[in-house]
Amino acid sequence: MSEKPEKLIDKKGLRLDGRKIDELRPVKIEVGVLSNADGSAYIEHGKNKILAAVFGPREMHPKHLSLPDRMVLRCRYHMAPFSVQERKSPAPSRREVELSKVIREALEPAVFVEYYPRSGIDIFVEVLQADGGTRCASITAAALAIADAGIPMRDLVVACAAGKIDDKVVLDLMDTEDKVGVADVPVAFMPNLNAVTLLQMDGILTPDEFESAVNLAIEGCKKIYALQKEALKTKYMNTKEEVEE
Amino acid sequence: MPTFFEKKQLVTPGELLAEGDYIAGENTYKEGNKIYASRIGLVDCDNKNVNIVALRAFYVPKIGDIVIGTVVEVGFNGWTVDIESPYTALLRASDVLSRPFKPQNDELSQVLNAGDLIVAKIASYDRAHDPQLTVGEPGLGKITRGQIMKVTPTKIPRVIGRKGSMISMIKQETGCQIILGLNGVILVTGKNLEDEELALLAIRKIEEESHTSGLTDRITQLLKEEKSKREEKKNE
């Protein structure tokens with residue numbers, strides 16, 4: 001992907017990878033993939049491949065970080081050195097530190113942190129392959145990993161981005177669209193409570209465009225939510241089938 | 001006042017379960033007049049009370065619970081015990097020695113050392129303090145023999161069965177002593193290894209097929225079949 005494409009949307013209204021402007025990339029989700037973690041999930045969102053693992057709730061170490069009235073969430077977002085075209089240094093970059101914070105803050109409203117004071121949970125997000133929109137896919141996977149760990153939640157959190165390329169508001173930007181395009185708006189959303197937990201914007205949009213981008217992203221979130229729920233149920237379906245036996 | 005689920009339906013966190021005059025039971029929560037799920041599990045409604053039997057959970061200490069834990073550290077005047085919960089428990093030296101503890105007279109690591117397993121009761125616990133254990137009752141204390149097995153804590157009631165029917169049946173059929181830690185750790189002690197293995201087999205089966213109806217009968221059958229199989233092998 002060295003040369004910049006002239007146009008991101010062709011005459012037929014299709015994007016570089018043949019998607020329509022309001023179409024998601026294919027999403028595949030699996031829950032409970034790691035046996036050593038208390039909860040885990042794996043997501044493939046287009047070319048993104050991301051693993052999320054949750055440990056806890058457990059005693060906080062170091063102990064002085066624990067809070068007397070609530071559980072502490074810790075999150076580490078990390079990109080594998082081989083996850084991008086040019087080798088990425090495995091040391092946490094500025095961007096990764098920021099994304100760790102952003103993901104943590106997107107998930108925190110969904111967790112009943114006040115139930116288990118003085119304890120903590122650790123969320124590890126490992127990006128194995130990146131192609132734009134990793135923060136969104138990470139949030140979707142991490143929320144599932146938390147649910148899989150048996151930690152009480154208000155709702156699952158699901159995230160999806162929208163943006164502007166070639167003067168058009170489109171859903172779910174991939175890497176090239178993000179880099180060449182005009183703007184990117186990632187949104188994390190709790191579908192049942194109808195609440196937004198993450199809203200960022202990178203680029204320039206008019207207020208009208210911004211509104212339609214947010215609405216489009218929420219529509220995308222709802223579509224991914226159906227897959228997310230399905231994935232979580234599939235893991236526990238075996239138990240369920242035995243009930244009906 | 002509608003409900004949005006069928007009996008024993010599998011639900012995920014955040015799913016809307018009922019609206020109106022309902023009471024939020026286990027693993028659910030109420031927001032306004034709506035009841036939502038907070039864990040993955042099977043819903044059940046019993047007289048306005050919406051409950052979820054969680055398929056995945058961890059142990060939260062409760063006063064009076066019998067638990068099985070591992071000693072992880074010997075301290076100055078007691079032990080730190082891992083009870084498979086978000087909080088580690090404390091066991092005081094004076095509780096074990098049943099007399100005032102004097103550091104110059106007693107060497108704590110000779111009574112209980114790191115790695116030892118104990119059966120204990122939760123003596124005190126609240127939001128602000130770690131649980132404290134006690135072993136000052138018959139049947140509690142250091143575990144010297146037997147086998148340990150771990151299950152999800154939510155499945156312990158299933159192993160006990162209605163009014164203890166399941167557990168007493170297994171004890172009778174295998175001749176083993178079984179102690180159920182409410183934190184999901186089970187101790188099986190029998191006369192010989194075979195008896196213990198038989199009991200573990202039955203418990204593992206219960207864990208896999210929990211929430212099925214008529215499970216006690218099927219486990220009884222399983223144990224009888226296994227026993228006769230083993231008899232045959234011996235006779236050969």
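Residues numbered from 1 in each chain as written. Chains lettered and ligands numbered in written order. Predicted model: local features only at pLDDT ≥ 70, side-chain atom pairs only at ≥ 80, totals over all residues. Heavy atoms only, no water.

### Description of the interface of chain A and chain B
Frequently, the measure chosen for interface size is the accessible area that the parts lose on association.
Thought 1: At the junction of the two partners, chain A supplies 36 residues and chain B supplies 33 residues.
Thought 2: Taken together, the two surfaces of chain A and chain B that pack against each other cover about 3000 Å², and 55% of this comes from carbon and sulfur.
Thought 3: At the boundary of chain A with chain B, the tally comes to 3 salt bridges.
Thought 4: Where Asp130(B) meets Arg118(A), a salt bridge forms, and the shortest distance between an N and an O atom there is 2.8 Å.
Thought 5: One can count 16 residue pairs in polar contact (both at pLDDT 80 or more) joining chain A with chain B.
Thought 6: Those elements giving two or more residues to the side of chain A that touches chain B turn out to be strand 3 (48-59), helix 2 (134-148) and helix 4 (207-244) of chain A. (Contact = heavy atoms within 4.5 Å. Buried area = accessible area lost by both parts, 1.4 Å probe. Salt bridge = Lys/Arg side-chain N within 4 Å of Asp/Glu carboxyl O. Polar contact = N/O pair within 3.5 Å; in protein donor to acceptor, adjacent residues only side chain to side chain. Helix = DSSP H or I, 4+ residues; strand = E, 2+ residues; numbered from the N terminus.)

### Focus: unusual backbone geometry
Glycine aside, residues mostly have negative phi angles, and peptide bonds mostly take the trans form.
Residues and elements named next belong to chain A.
Thought 1: Looking along the chain, the bond that leaves Gly56 and enters Pro57 is cis, with omega of 5°.
Thought 2: Along the chain, Pro57 turns up in strand 3.
Thought 3: Of note, Asp172 is a non-glycine position whose phi angle comes to about 60°, a positive value.
Thought 4: Relative to the elements of secondary structure, Asp172 occurs in the loop between strand 7 (168-171) and helix 3 (175-180).
Thought 5: Asp172 sits in the buried class, given a relative accessible area of 3%.
Thought 6: Of note, the phi angle at Asn194 is positive, near 55°, even though the residue is not glycine.
Thought 7: Considering the arrangement of structural elements, one finds Asn194 in the loop between strand 8 (183-190) and strand 9 (195-199). (Buried < 20%, exposed > 50% of the residue type's maximum accessible area, 1.4 Å probe, protein only.)

### Remarks on the nonpolar core
Thought 1: Counting residues in hydrophobic clusters, the biggest one holds 100 residues, and the most contacted among them are Leu107(A), Ile123(A), Ile139(A), Ile151(A) and Leu133(B).
Thought 2: Counting residues per element, this core draws most heavily on helix 4 of chain A, at 11 residues.
Thought 3: Counting the residues that make up this core, at least three belong to each of domain 1 (10-54) and domain 2 (66-142) of chain B.
Thought 4: Residues within four places of Ile123(A) in sequence aside, it is in contact with Ala53(A), Val54(A), Leu73(A), Arg74(A), Cys75(A), Arg76(A), Leu107(A), Ala142(A) and Ile146(A).
Thought 5: One finds Met149(B), Met166(B), Ile167(B) and Ala199(B) within the second-largest nonpolar core, a separate group that totals 22 residues. (Core = buried A, V, L, I, M, F, W, Y, C linked by side-chain atoms within 4.5 Å. Domains from an automatic or database assignment.)

### Brief notes about the packing of aromatic side chains
Thought 1: Applying the stated criterion across every chain yields a total of 7 aromatic pairs over all chains.
Thought 2: Ring plane angle 75° and centroid distance 5.1 Å describe the contact between Phe112(A) and Tyr29(B), whose orientation is recorded as edge-to-face. Here Phe112(A) is found in the loop between helix 1 (94-107) and strand 5 (119-129), whereas its partner Tyr29(B) is found in strand 4 (residues 28-31) on a different chain. As far as burial versus exposure is concerned, Phe112(A) and Tyr29(B) are alike and both buried.
Thought 3: Through a chain of ring-to-ring contacts, the aromatic side chains of Phe112(A), Tyr115(A), Tyr116(A), Tyr29(B), Tyr36(B) and Phe58(B) assemble into a single cluster. (Phe/Tyr/Trp six-rings, centres within 6.5 Å; stacked < 30°, edge-to-face > 60°.)

### Section: the domain arrangement of chain B
Thought 1: According to the domain assignment, chain B contains domain 1 (10-54), domain 2 (66-142) and domain 3 (147-235).
Thought 2: Each of domain 1 of chain B and domain 2 of chain B has a C-alpha centre, and the two are 37 Å apart.

### Overview of the pairing of strand 11 (residues 117-126) of chain B
Residues and elements named next belong to chain B.
Thought 1: Two elements, strand 8 (residues 66-74) and strand 11, share 5 bridges in a ladder whose sense is antiparallel. If you follow Gly69 over to strand 11, its bridge partner there is Ile118.
Thought 2: Of the pairings in the sheet, the one linking strand 11 to strand 13 (residues 141-142) comprises 2 bridges and is antiparallel in character. In the sheet register, Ile118 faces strand 13, and the bridge partner there is Lys142.
Thought 3: In terms of strand pairing, strand 11 meets strand 12 (residues 129-134) through 4 bridges, oriented antiparallel. Residue pairing for strand 12: Ile122 is matched across the bridge by Leu133.
Thought 4: Taken together, strand 11 and the strand that follows it, strand 12, pair antiparallel across an intervening segment of 2 residues. (Pairing = 2+ DSSP bridges.)

### Brief notes about the sheet that holds strand 1 (residues 27-31) of chain A
Strand pairing in a sheet is mediated by backbone hydrogen bonds. Such pairs are either parallel or antiparallel.
All names here are of chain A.
Thought 1: One open sheet accounts for 5 strands, arranged 1-2-3-5-4; its pairing is mixed. Edge positions in the sheet fall to strand 1 and strand 4 (72-79), since each has one partner strand and no second. This sheet shows a mean twist of 15° between the axes of neighbouring strands, independent of strand direction.
Thought 2: Of the strands in this sheet, strand 1, strand 2 (39-45), strand 3, strand 4 and strand 5 are in contact with helix 2, which crosses strand 2 at around 150°. (Axes fitted to C-alpha atoms, helices over the stretch in contact; angles between N-to-C directions.)

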